[in-house]
Amino acid sequence: MLKRRTAFVTFAIVLVSALVNAQSVMPVPAQITKLSGSLVIDSSFAVSVSAGGDKNVSSAVQRFLQRLAKLTGIFSMKQTLSGETLSTLNVVCKEKSRAIPSAAEDESYTLEVGTRMAVLNAQTRFGVLRGLETFLQLVELGGNGFHVPCMTIQDQPRFAWRGLLIDACRHWMPVEVIKRNLDGMAMVKMNVLHWHLSEDQGFRVESKKFPKLHELGSDGNYYSQEQIKDVVAYAAERGIRVVPEFDMPGHTTSWFVGHPELASAPGPYEIERKWGVFDPAMDPTKETTYRFLDTFIGEMAKLFPDEYFHIGGDEVNGKQWSASAEIILFRGKNNLIDNHALQAYFNRRLLAILKKHGKKMIGWDEIFHSDLPKDIVVQSWRGQKSLAEGAKQGFQGILSHGYYLDHIKSAAFHYAVDPIDTTIANLSEGEQKKILGGEACMWAEYVSLENIDSRIWPRTAAIAERLWSLSATMNVDDMYRRLEVASRQLELVGLTHRSSYTQMLERLAGSNSIEPLKALADVVEPVKNYERGRTRQYTQLTPLNRLVDAVRPESDAAREFAAMSDDNKRELLRLWAGNHALLLPIIRQSPLLQEIEPLSKNLSDVAEIGLRLLQKNRQPFSEQEKSRLKDVLDKAATSVGALQLMVVPTIKRMFEAAQKGRE
Ligand code: ACM
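Residues numbered from 1 in each chain as written. Predicted model: local features only at pLDDT ≥ 70, side-chain atom pairs only at ≥ 80, totals over all residues. Heavy atoms only, no water.

1. Some remarks on the pairing of strand β15 (residues 360-364)
Link 1 in the chain: Of all five residues in β15, four are buried, a share of seventy percent or more.
Link 2 in the chain: As paired elements, strand β14 (residues 308-310) and β15 share three bridges and run parallel to each other. Bridged to F309 within β15 is M361.
Link 3 in the chain: Where β15 lies against strand β16 (residues 377-380), three bridges are found, and the strand directions are parallel. Paired with I362 across the strands is V377, a residue of β16. (Buried < 20%, exposed > 50% of the residue type's maximum accessible area, 1.4 Å probe, protein only. Helix = DSSP H or I, 4+ residues; strand = E, 2+ residues; numbered from the N terminus. Pairing = 2+ DSSP bridges.)

Dropping the structure here:
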């Protein structure tokens, strides 16, 4: 068996051997050698597994076969007994892996695809999982049905920590949202779900020790302990760790609804409904606080088997502390010079509790303090600089600055952010090793279970690639080409980022005739960074049902328009120029669409300008006309309904080029 494989692989290498980009695999594997020919995928496809008794490998292969069947429509494919000669894919896993992944698993694999069979080799189940995802992404339709091109791949991650934070607090995210996102993460080889479980706006886990936490802090929207166990097992099957975050001592209003005695100022407290940074913080001076946390963390430590426990630690404004005479006295007695020193004291106490329950600490930038031991992990939301400074002092870190999905930046923007940025700091090899990876962050002020997938995907696949692939993998055009393919595949694994778009547009239009609405929606993006919160007062109870909630974070159409030939541009500009007249009747009958009437008009207006600029043998514009057109373009560049028209910069550039040229 092995002999046959070696023979055909050698033969194929002699035929063709070239290093190429993978077809559409995302993240790009470390090394690919493309060979000639391809492996046909048909109803005789069978997988044999040799896994030294690791049952989790066979169940991974079963899930793989279901995915392959869904991808190809061929439903008779099967898993054969190990050693059967008729297999098409031979999966070899060298060692039995633990059921729950640790933070340092070997995820490497090799995949050799020949014309008669393929072999996937890995040391651990985690490598098998990553290799199976690669195989699925290599399946193509063409020529004579489905096939995988012959090649050899040798692959392993650049960073060990490749995470996605999901905030289930500001907006409630039921288990099915978490599970489908775990499937998406597995597809792009991410391995940490950072589950943000407590916030001012919600406490989302059942506590049997302190039931008032979830009973009074969640509006009834919390995960039962059975559900948590189910999600942790689901993630582990896919080689994904689950790191829970209980944010302390700030961001804790929801805890205090049931337990005001934990706070630094007397209650009563209510679940916070607004967004922002709030004053309530735990009282770090009371022994009762630590007794409570010891019991609570003990309970949660059993529920979440990962070795790390995230304590948050961000954005403590210290107002409640500075307003309390007892707390000021305590600070003085303990030589704690400021509130940051008081927070460091709190963290040291917390660290002892975590250690007692067998956990390592991870927290946001603000926990960084030279007193803490070096096995904590600092998660940087403030930038590569603080990450590098931590690494120089021997602290491990992960990067999230630049990976905030709620900032609604492009995939290209996130793709350019590297956890190890050599332009910011010169780190030795040893210091670089302290940087474990990064996490995309999906903060949930402006996402609901309906549109969260579209904020996470497909952009997170670009971040996943940054964290998995070699640092030299930087071709943005190729990234976008593969991102489009990955986006369709992500929908196949159960995500709803594409289907929810159409669904929400149909709801806004009140019918399935959405062409003019979609023509506009395709070329707009939500405003960036924290601008949305400045446009009006939002709370947890504000419905997220407007066009800004339906549209995608990144307009592919606008990006493609910028790169088009004049002839192709002209065609689109004609469509947009006539679009306002078609959209107006739909806008007039939909209360939620009224706000976008000026946006729709702006699109048609700038399209008219674009058409005029592309006119052959055009008379130069008069000075007066130039000034009028400039005003129209400037007006169209301002946001309407928290939306930006993304084709304006390109038309502005065309206008400016015309000024520099003939006029
Ligand atoms: C954070 O964004 N406050 C972690």
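2. What to know about the pattern of salt bridges
Link 1 in the chain: Applying the stated criterion across every chain, the model contains 45 salt bridges.
Link 2 in the chain: As a salt-bridge pair, D183 and R238 come within 2.7 Å of each other at their nearest N and O atoms. You can see D183 sitting in helix α4 (residues 175-187) and its partner R238 sitting in the loop between α6 (225-237) and β13 (241-246), a full 55 residues away along the chain.
Link 3 in the chain: Between R507 and E450 there is a salt bridge, with the nearest N and O atoms lying 2.8 Å from each other. Placement of R507 in helix α18 (residues 499-509) and of E450 in the loop between β18 (435-442) and α15 (452-456) is noted, with a sequence separation of 57 residues between them.
Link 4 in the chain: Taking relative accessible area as the criterion, R507 reaches 45% and is therefore assigned partly exposed.
Link 5 in the chain: A residue is classified by how much of its surface remains accessible, and E450, at 24% relative accessible area, is partly exposed.
Link 6 in the chain: A network of salt bridges, in which partner residues are shared, links R63, D183, E237 and R238. (Salt bridge = Lys/Arg side-chain N within 4 Å of Asp/Glu carboxyl O.)

3. A word on the packing of α4 against α6
Link 1 in the chain: Two elements in contact, α4 and α6, have axes whose closest approach is 10 Å; the angle formed by their N-to-C orientations is 10°. Considered as vectors, α4 and α6 are oriented roughly parallel to each other. Of the residues in α6, those touching α4 at V175, I178, K179, L182 and D183 are Q227, D230, V231, Y234 and A235.
Link 2 in the chain: Looking at the contact of α4 with α6 residue by residue, the class counts come to six nonpolar, one polar and three charged. (Axes fitted to C-alpha atoms, helices over the stretch in contact; angles between N-to-C directions. Parallel < 35°, antiparallel > 145°, perpendicular 65-115°, else oblique. Contact = heavy atoms within 4.5 Å. Nonpolar A, V, L, I, M, F, W, Y, C, P; charged D, E, K, R; others polar.)

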